[in-house]
Amino acid sequence: MVKPGVVDDEEVDRKPVIKPGVHLTVKVQDTSGRTLERTVRRTEKLQGLMDAYYASVPDVTYGSGRFLYDGGRLAGWQTPAEVGMEEDDEIDFFTELLGGGGWATTTAAADGGGEQPVPP
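Values in this document were obtained by computation on a predicted structure and should not be read as measured data.

## Regarding the overall build of the chain
Inference 1: Per the secondary structure count, the chain includes two helices and nine strands.
Inference 2: Considering the chain as a whole, with its 120 residues, one finds that 25% of them fall into the buried category.
Inference 3: The long-range fraction of contacts in the chain, counting pairs at least 24 apart against all pairs at least 6 apart in sequence, stands at 44%.

Right, dumping it as structure tokens:
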């Protein structure tokens, strides 16, 4: 019986073949300078790349940031072909900033120096 991948009792090296027209290498970089470089198919959904980034950076909570390419936000269902990515393009990752929207205070001279809330 012949085993797949074996030629004359020697195993054949089964490294993936990267085709330039089908595959491209993209890099995800965050604001802390951490990078993840992966080779993906042009027709592969970007969710796999996003999941790989979260898995490689343990101090970033899954789903806590945004992936941007050419100033536009990326969704996991999109593919590199749909957004026009080319070889060695960069995707930026930004952690979402939550908070703000609280009331600011100012000193009101007319009220004897008391603090008054200022609506947003």
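Structure's up, so let's keep going.
## A short note on the sheet that holds strand β5 (residues 65-69)
Inference 1: Taken in spatial order, the five strands make up an open sheet running β4-β3-β7-β5-β6, and their pairing is mixed. With partners counted over all chains shown, the strands left at the sheet margins are β4 (35-41) and β6 (72-73), one partner each.
Inference 2: Of the pairings in the sheet, the one linking strand β3 (residues 23-30) to strand β7 (residues 89-95) comprises five bridges and is parallel in character. Note on β7: the bridge partner recorded for Val26 is Asp89.
Inference 3: Along the sheet, helix α1 (residues 47-56) makes contact with β3, β4, β5 and β7, crossing β4 at roughly 155°.

## Some remarks on α1
What sets the pattern is the α-helix's 3.6 residues per turn: residues three or four places apart point alike.
Inference 1: For α1, the set of buried residues is Leu49, Met50, Ala52, Tyr53 and Tyr54.
Inference 2: Contacts made by the buried residues of α1 are with β3, β4, β5 and β7.

## As for the environment of Leu24
Inference 1: Mapping Leu24 onto the fold places it in strand β3.
Inference 2: Accessibility expressed as a relative area gives 0% for Leu24, which makes it buried.
Inference 3: Sequence separation between Leu24 and Pro80 is 56 residues, and the spatial gap between their C-alpha atoms is 8.7 Å.
Inference 4: When neighbours within four sequence positions are excluded, Leu24 is seen to be in contact with Arg38, Thr39, Val40, Arg42, Pro80, Met85, Glu86 and Glu87.

## What about the nonpolar core?
Inference 1: One finds Val28, Tyr53, Phe67, Leu74, Met85 and Ile91 to be the most contacted residues of the largest nonpolar core, which totals 19 residues.
Inference 2: Take this core: its biggest share by element is five residues, from α1.

## Here's the deal with the pairing of β7
Inference 1: Summarising the sheet, β5 and β7 pair through four bridges and their orientation is antiparallel. Bridge pairing links Gly65 to Thr95 in β7.

## Remarks on the packing of aromatic side chains
Inference 1: Tallying each qualifying case throughout the model produces seven aromatic pairs.
Inference 2: Seen from their ring centres, Tyr53 and Phe67 are 5.8 Å apart, and the 90° between their planes marks the pair as edge-to-face. With Tyr53 in helix α1 and Phe67 in strand β5, the pair connects residues that are 14 residues apart, well separated along the chain.
Inference 3: What makes Phe67 buried here is its relative accessible area of 5%.
Inference 4: Measuring from centroid to centroid gives 5.7 Å for Tyr54 and Phe93, while their planes differ by 90°, and the two rings are edge-to-face.

## Digging into unusual backbone geometry
Inference 1: The backbone of Asp70 shows a phi angle near 50°, a positive value even though the residue is not glycine.
Inference 2: Here Asp70 is to be found in the loop between β5 and β6.
Inference 3: Backbone geometry at Asp88 places phi at a positive 65°, although glycine is not the residue there.
Inference 4: Looking at the element boundaries, Asp88 is found in the loop between α2 (80-83) and β7.

Cut-offs used in this document
- Residues numbered from 1 in each chain as written.
- Predicted model: local features only at pLDDT ≥ 70, side-chain atom pairs only at ≥ 80, totals over all residues.
- Heavy atoms only, no water.
- Helix = DSSP H or I, 4+ residues; strand = E, 2+ residues; numbered from the N terminus.
- Buried < 20%, exposed > 50% of the residue type's maximum accessible area, 1.4 Å probe, protein only.
- Contact = heavy atoms within 4.5 Å.
- Pairing = 2+ DSSP bridges.
- Axes fitted to C-alpha atoms, helices over the stretch in contact; angles between N-to-C directions.
- Core = buried A, V, L, I, M, F, W, Y, C linked by side-chain atoms within 4.5 Å.
- Phe/Tyr/Trp six-rings, centres within 6.5 Å; stacked < 30°, edge-to-face > 60°.

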